[in-house]
Amino acid sequence: MTSTSANAIVTGRAGTGAHRSKGWSPRTESTLRIAAPISLGLIVLGIWQLLVTVGGVDDYLLPSPSSIVVELVEFWPAVVSATALTGTNSLLGLLVGSLVGIVTAAIAARWRIADQMSAPIVAALAVVPIVALAPVLNSMFGADSQFGRQAIAAIASFVPIFINTLRGFRQTTPVHRDLMKAYAANSGQMLRSLTLPTARPFILTGIRIASSLAVISALVAEYFGGPRGGLGSLIATSAASSAYSRAWAYVGASIALGLLFYLATLALERLVMRRVPTGGSR
Amino acid sequence: MSDQTLNSAATADAQPAASDTDAAAVLVRGVNKQFQTATGVVHALEGIDLTVSAGEFVSLIGPSGCGKSTLMRLIADLDEPTSGELTVFGKTTTQARLDQDYGIAFQQAGLLPWRTVAANVALPLELHGVASAARRTRVADLLDMVGLTEFADRFPDQLSGGMQQRVAIARSLAEEPQLLLMDEPFGALDEMTREKMQTDLVRIAANTGAAVVFVTHSIPEAVFLSDRVVVMSPRPGRISDVIEMRLSAVAGRENRSDELREASSFFEMVTEVREALHGGAADSSGDEPPVARGGDTR
């Protein structure tokens, strides 16, 4: 009897293992979640390196990972200062865009007329290409000013934050609104105690989407004039002078910067929402 | 005091003497409410007259669409009547709302999901500028009253429906209102929780001496809780009957317990309300209780 039950367990385990790969312990699974993408990345890099050194792909066309690393180490101070500059522009743009986005969404949620007035402007801002705006703003604010880039980052972040926040402000339920009215809450209390907390997850999602957009916009804006020194302008000049390995090194730094922004806003979202259940209560 | 109001209310159907008009918790005179909808005008309420004395427990009962919730919302100043007059403790409903003369509970608990149980109960106190130390003691007392002390730091989604509703009731009592407005607060609860909550509510209302306007569609619930049951009929919403509860088995509300649910006077009252509801305009002011029809007390 013991042997049959043992057999049943073994076959049962084998059966589930064959059907779904979730037979691992949670610990193995969390290790795998980190290890799997890293090993995939290393494999891709290895193939890339082999392609260039053994496969005979011209190093001029496709620089090998090792040569990119060499450039990265050699130009490390420049990479760091360029990342800091682009990062500052992105951060300022993101902060201003968030602030303006949240405030205008609050106004649009409060007064219907403001919503109707702002809707076409927001739609226009949503479709304006950075490529079109960058040269104009750069020449407007002079060749030595970072303001144009910060403004572009702000405009790019404004749109998703405005749209998400406005949606969040409209999520209050009738029973909560009745309750606040029954408590004779004034509009400030209404905003602080009900509307803002209800909109919080929406605002945070908007900021997370905007964070990547801010970095991309600040970086791309550097391609179109203005002072040198940012990641975008260094990628452009390196590529123009055929220093492709160096250009790739700056591209790597750009990716790192974008990821940093994304992860920082994700962490902010987790931190704020940690003890806040997302489901509505009855 | 409450005995006196009970006696005076017992003499007339709904028309008190001019002298208790001042003391009335709620006074409704000739109220009409019409809603404009896409298909035309809906007469939600027509010619409503109602007086709720201080400390009196009045239930509004009727089928869906009879305007019982609408009437409660008018008293709470959440909606405005098309015509007619409403006063709460002699003031306009708006003034009464601004003065926070009533506490309110809805069918949905309506707790704020990002606040703990304690913070939810503290919300009205917070909005009205009660100092934090006083707030803390008051919240502790209220949670003790509804038996949720150990859940003070939980969030609403960690509580069962019945517990959430108890939090909502504690919140409605936070400022010791002399009038409680409750719109089917136990509607979503299972029968056992519901009976427990009813017993608790009767005790709390008796202890605080608050008048209660209680909207329900459960006959036994209305009979168990009330001094008077107001029966309403739909399209247009009218008061078709007001039935005095004569539960001889017990002296006062504070003594109502589960035993009452099995008393013969309870069943007589259930039958009377039931016949008023189903019989439409049947005259139920006769002194002898009608014979029970069948065993269905729902």
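Residues numbered from 1 in each chain as written. Chains lettered and ligands numbered in written order. Predicted model: local features only at pLDDT ≥ 70, side-chain atom pairs only at ≥ 80, totals over all residues.

1. Overview of the domain arrangement of chain B
All names here are of chain B.
1) Next: Domains assigned within chain B are domain 1 (2–101 + 177–278) and domain 2 (111–175).
2) Next: Every contact between the two is made by 11 residues of domain 1 and, on the other side, 11 residues of domain 2.
3) Next: In the side of domain 1 that touches domain 2, the residues fall into eight nonpolar, three polar and no charged. (Domains from an automatic or database assignment. Contact = placed C-beta atoms within 7 Å. Nonpolar A, V, L, I, M, F, W, Y, C, P; charged D, E, K, R; others polar.)

2. A closer look at the sheet that holds strand 3 (residues 57–61) of chain B
In a beta sheet, neighbouring strands are held together by backbone hydrogen bonds and run either parallel or antiparallel to one another.
All names here are of chain B.
1) Next: As summarised here, the arrangement of the six strands in space is 6-7-8-3-9-10, forming an open sheet in which the pairing is mixed. Across the chains shown, the open sheet's two edge strands, defined by having one partner strand only, are strand 6 (102–105) and strand 10 (238–244). Between one strand and the next, the sheet's axes are offset by a mean angle of 15°, whatever the strand orientation.
2) Next: Both strand 3 and strand 8 (residues 211–216) contribute to a ladder of five bridges, which runs parallel. If you follow Leu60 over to strand 8, its bridge partner there is Val215.
3) Next: The strands touched by helix 2 (residues 68–75) within the sheet are strand 3, strand 7 (179–183), strand 8 and strand 9 (228–233), with strand 8 carrying the most contacts at an inclination of about 150°.
4) Next: Where helix 9 (residues 264–278) meets the sheet, it contacts strand 3, strand 9 and strand 10, and its direction lies at approximately 165° from that of strand 10. (Pairing = 2+ DSSP bridges. Helix = DSSP H or I, 4+ residues; strand = E, 2+ residues; numbered from the N terminus. Axes fitted to C-alpha atoms, helices over the stretch in contact; angles between N-to-C directions.)

3. Considering the nonpolar core
1) Next: One finds B:Val26 and B:Val273 to be the most contacted residues of the largest nonpolar core, which totals 86 residues.
2) Next: Judged by nonpolar contacts, the second largest core, of 47 residues, contains A:Ala109, A:Leu137, A:Ile152 and A:Ala221. (Core = buried A, V, L, I, M, F, W, Y, C linked by C-beta atoms within 7 Å. Buried ≥ 20, exposed ≤ 12 C-beta atoms within 10 Å, placed from the backbone.)

4. Section: the pairing of strand 1 (residues 26–37) of chain B
Residue and element names in this part refer to chain B.
1) Next: Where strand 1 lies against strand 2 (residues 40–52), nine bridges are found, and the strand directions are antiparallel. In the strand pairing of strand 2, Gln34 is matched with His43.
2) Next: The hairpin turn running from strand 1 into strand 2, its antiparallel successor, is two residues long.
3) Next: Summarising the sheet, strand 1 and strand 4 (residues 83–88) pair through five bridges and their orientation is antiparallel. Opposite Val26, over in strand 4, you have Val88 as the bridge partner.

5. What to know about the sheet that holds strand 2 of chain B
Residues and elements named next belong to chain B.
1) Next: With respect to topology, four strands assemble into an open sheet ordered 2-1-4-5, the strand pairing being antiparallel. The open sheet has two edge strands, strand 2 and strand 5 (91–92), and neither has a second partner.
2) Next: As judged from the two bridges shared by strand 4 and strand 5, these two strands associate in the antiparallel manner. Across the sheet, Val88 pairs through a bridge with Lys91, a residue of strand 5.

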